[in-house]
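Listed below are the residues making up each chain.
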Amino acid sequence: MSYNISLRKLPPLRALKGFEAAARLQSIRGAAEELNLTHPAITHQVQTLEENLGVKLFARDGRNIILTAEGKLFYPYVREALEKLISGTEAIRRATASQPLRIQVYVTTSIRWLAPRFSKFRAEYPNITLHLMTCSVGWDFDEANADIGLIYLDKPVPEHLHWTKLFESRLFPVCSPLLIKGKEGELQPEDLLNFPLITVYTEGWSWDDWFSATHVTPCDISNSIIVDTLAIALEMALKGEGIALVNGVSADDDLASGRLIQPVDYVVDGLGEWGVVCRKDICNDERVLTVIDWLSREAVKR
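This report concerns the structure included in the present document. Keep in mind the model is a prediction, meaning the values are calculated, not measured. (Residues numbered from 1 in each chain as written. Predicted model: local features only at pLDDT ≥ 70, side-chain atom pairs only at ≥ 80, totals over all residues. Heavy atoms only, no water.)

By the criterion of burial, strand 6 (residues 161-174) is predominantly enclosed, with ten of the 14 residues buried. In terms of strand pairing, strand 6 meets strand 10 (residues 268-279) through nine bridges, oriented antiparallel. Opposite R170, over in strand 10, you have D269 as the bridge partner. (Buried < 20%, exposed > 50% of the residue type's maximum accessible area, 1.4 Å probe, protein only. Helix = DSSP H or I, 4+ residues; strand = E, 2+ residues; numbered from the N terminus. Pairing = 2+ DSSP bridges.)

Right, dumping it as structure tokens:
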């Protein structure tokens, strides 16, 4: 049966690192350099610990410091405690490293931008396993079920989350070159109303915003096809069945290959931005930093 620990008997834990380093190196200055702290900061840690214990832990020996009898008695316990904490921390890190890093990403972004680049990540970082999650409902970061989110954001992130911007939001139409039959560059925004416009039902506002920004009124989109996802809209656009409206990088590869084109040159700035989000308490994790850095480098290449 577990017994209670009298936490009130614990010395100031923050001061133990300074004491251990100073005792091992027999130098306050050396401890400060090792722990990337100032000389006064280490001195304060040692003094705080001595006041708590009611004994002197160090004595002067010329320009050096040496442990007192009480310091020599105390040091092995501190060293053992810190080593056990380090061992436990490393055990947790190893256990965590063996688990896949869960990345929330929208279906279309996953299919048309991230997944085609997935093999490059695996080749560069074979020791990091990623689990792409595309089943989240809505646009927001599902922090209960994902470690990282590659998402679109049109409002500030909550205080406990860390945000890294990848690219701006840009709204622009795309279609197969066969649909407009060589009229690329000749069409005006109002001309698009003569073609089937493919609308994602959760983004019905997007065509309205685009036409309003290009000063086309009234915005009567009666010739529209409504679909569930942008992935479907892009597939239909590739087959020449209509014009889709893109927000982000989902059509970049098809535009580069010429399978899709922009029927008009009007690009409208969106209200948000695309980026990577994670909890602040894991944003310095080595695997998380690696993924964010890799995504940032891939975003620059677009």
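In this section: the sheet that holds strand 7 (residues 197-200). Sheet architecture is open: eight strands sit in the order 4-3-5-10-6-9-7-8, paired in mixed fashion. Taken across any chain shown, the strands that pair with only one partner, and hence form the sheet edges, are strand 4 (130-133) and strand 8 (224-227). Put simply, the sheet's adjacent strands are angled 25° from each other on average, direction ignored. Strand direction decides the pairing type here: strand 5 (residues 148-153) and strand 10, joined by six bridges, are antiparallel. Each bridged residue has a counterpart across the sheet, and for I151 the counterpart in strand 10 is G275. The strands touched by helix 5 (residues 107-114) within the sheet are strand 3 (101-105), strand 4, strand 5, strand 6 and strand 10, with strand 3 carrying the most contacts at an inclination of about 105°. (Axes fitted to C-alpha atoms, helices over the stretch in contact; angles between N-to-C directions. Contact = heavy atoms within 4.5 Å.)

Taken together, the side chains of I5, L7, L10 and L13 define a hydrophobic patch exposed on the protein surface, amounting to about 430 Å² of accessible area. Along the chain, L13 turns up in helix 1 (residues 13-25). (Patch = residues over 30% accessible without salt bridge, like charges linked within 9 Å, V, L, I, M, F, W, Y side chains within 5 Å. Areas by Shrake-Rupley, 256 points an atom, 1.4 Å probe, with all protein chains shown as cover. Salt bridge = Lys/Arg side-chain N within 4 Å of Asp/Glu carboxyl O.)

This brings us to the nonpolar core. Of all hydrophobic cores here, the largest spans 35 residues; its most connected members are L130, I148, L150, V291 and L295. Element by element, the count of residues in this core is highest for helix 11 (residues 286-301), at six residues. Apart from residues no more than four positions distant in its own chain, V291 is found in contact with L101, I103, F121, L130 and I148. (Core = buried A, V, L, I, M, F, W, Y, C linked by side-chain atoms within 4.5 Å.)

With that out of the way, let us pick up the packing of aromatic side chains. Enumeration over the complete set of coordinates arrives at twelve aromatic pairs. Considering the side-chain rings of F19 and F74, the 5.4 Å spacing of their centres and the 40° angle between planes classify their relative orientation as tilted. Of the two residues, F19 is situated in helix 1 and F74 in helix 4 (residues 69-97); the sequence distance between them amounts to 55 residues. As far as the burial class goes, F19 and F74 line up, both buried. (Phe/Tyr/Trp six-rings, centres within 6.5 Å; stacked < 30°, edge-to-face > 60°.)

In the contact formed by helix 1 and helix 3 (residues 39-53), the axes pass within 8 Å of each other and the chain directions differ by 115°. Crossing of helix 1 over helix 3 shows left-handed handedness. Two secondary-structure elements touch here, helix 1 through R14, A15, L16, K17, G18 and F19 and helix 3 through I42, Q45 and L49. Classifying every residue of the contact of helix 1 with helix 3 by side-chain character gives five nonpolar, two polar and two charged. (Left-handed = near helix turned anticlockwise from the far one by under 90°. Nonpolar A, V, L, I, M, F, W, Y, C, P; charged D, E, K, R; others polar.)

Side chains three or four residues apart in an α-helix point the same way, a direct result of the helix having 3.6 residues per turn. Of all eight residues in helix 5, six are buried; the element is thus mostly enclosed. Taken residue by residue, helix 5 has T108, T109, S110, R112, W113 and L114 as its buried positions.

Turning our attention to the side chain of Q104. Tracing the backbone shows Q104 in strand 3. A polar atom in the side chain of Q104 sits 2.6 Å from the backbone nitrogen of D142. (Polar contact = N/O pair within 3.5 Å; in protein donor to acceptor, adjacent residues only side chain to side chain.)

What follows covers unusual backbone geometry. Look at Q26: it is not a glycine, yet its phi comes out positive at around 55°. The phi angle at N36 is positive, at roughly 55°, despite the residue not being glycine. Structurally, N36 is set in the loop between helix 2 (28-34) and helix 3. Classification of N36 as exposed rests on a relative accessible area of 70%.

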